[in-house]
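Secondary and tertiary structure notes
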Amino acid sequence: MKASVKGKFDGDKSTGVGSLAFNAGDLKLRATMTDATLVAGPALNGLSLALEKPGFFIVEYNVPKKDVRFQFMNTVRVAEKPLNLTYIHSRADNRTVVDGSLLIDPANKLSVNHMVGTNNCKLKYTYAHGRIATFEPCYDFAKNAWDFAVSRRVYGDDVLKATYQTSSKLLGVEWSRTSKSTGSFKVCASVNLAEEVKTPKLTAETTWNLEM
């Protein structure tokens, strides 16, 4: 059994999420709880249950909302290149999202995200310079605007990432570290360059992984 605890601090607000996962053959059972589940006494608020077969499907049930979310994954080959496809459908809001990513070679990847029935579509190109740096321009068709992200690995497992959204003029910087054994943390700072008073917004997030 695996457990994880995630905490997030956003200005004067803090939240927490916990999950428990059990392996049952090829399947994985997972229960996720937020702080709303426990703070005011045991309740169903923030509780979700999921059944997953890694790499194939996830069925998630949001208990308080009585909503079911389906996610199916598959990989096909196009011109001998792997094309990863993901289909996500939420029953309550009747929303369907399709993701696709084509790995052209180890350094180049093309991704698309589309919400079915809308003009919400994003096309992203990813260039990875070895395991050191990554450059990701992304075009948002709904906003008719570009987003850019540049990341660089520093000090082993630490990654520095800078992002810029041209539509909102939002500039962000992120520092993160991921460990398979102990967990991860992320510290983010962002500022809206369109605002007259440019006040940075800070968030911090950490995750602990436990083997039980």
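You'll find the structure just up there.
What you see is a predicted model; the values in this text were computed from it and never measured.

1. A closer look at a nonpolar patch on the surface
On the surface, Met1, Phe22, Leu29, Leu51, Leu210 and Met212 cluster together into a nonpolar patch covering about 540 Å² of accessible area. Among the structural elements, leucine 29 can be located in strand E3 (residues 27–34).

2. Looking at the environment of aspartate 147
Following the sequence through the fold, aspartate 147 ends up in strand E12 (residues 145–154). On the accessibility criterion, aspartate 147 (18% relative accessible area) is buried. Put simply, aspartate 147 and methionine 73 are 74 residues apart on the chain and 26 Å apart in space, counted from C-alpha to C-alpha. Those residues in contact with aspartate 147 that lie beyond four places of it in its chain are Glu136, Pro137, Cys138, Tyr164, Gln165 and Thr166.

3. Observations concerning the pattern of salt bridges
Across all of its chains, the model carries seven salt bridges by this definition. The partner of glutamate 205 in a salt bridge is lysine 6, and the shortest N-O contact between them spans 3.3 Å. With a gap of 199 residues between them, glutamate 205 in strand E16 (residues 201–211) and lysine 6 in strand E1 (residues 2–10) connect regions that are remote in the sequence. Taking relative accessible area as the criterion, lysine 6 reaches 35% and is therefore assigned partly exposed. The closest approach of N and O atoms between lysine 124 and glutamate 136, which form a salt bridge, is 3.8 Å. Residue lysine 124 is located in strand E10 (residues 121–129), and its partner glutamate 136 is located in strand E11 (residues 133–140); the two are separated by twelve residues in the primary sequence.

Calculation rules
- Residues numbered from 1 in each chain as written.
- Predicted model: local features only at pLDDT ≥ 70, side-chain atom pairs only at ≥ 80, totals over all residues.
- Heavy atoms only, no water.
- Patch = residues over 30% accessible without salt bridge, like charges linked within 9 Å, V, L, I, M, F, W, Y side chains within 5 Å.
- Areas by Shrake-Rupley, 256 points an atom, 1.4 Å probe, with all protein chains shown as cover.
- Salt bridge = Lys/Arg side-chain N within 4 Å of Asp/Glu carboxyl O.
- Helix = DSSP H or I, 4+ residues; strand = E, 2+ residues; numbered from the N terminus.
- Buried < 20%, exposed > 50% of the residue type's maximum accessible area, 1.4 Å probe, protein only.
- Contact = heavy atoms within 4.5 Å.

Read these as spatial facts, not as claims about activity.
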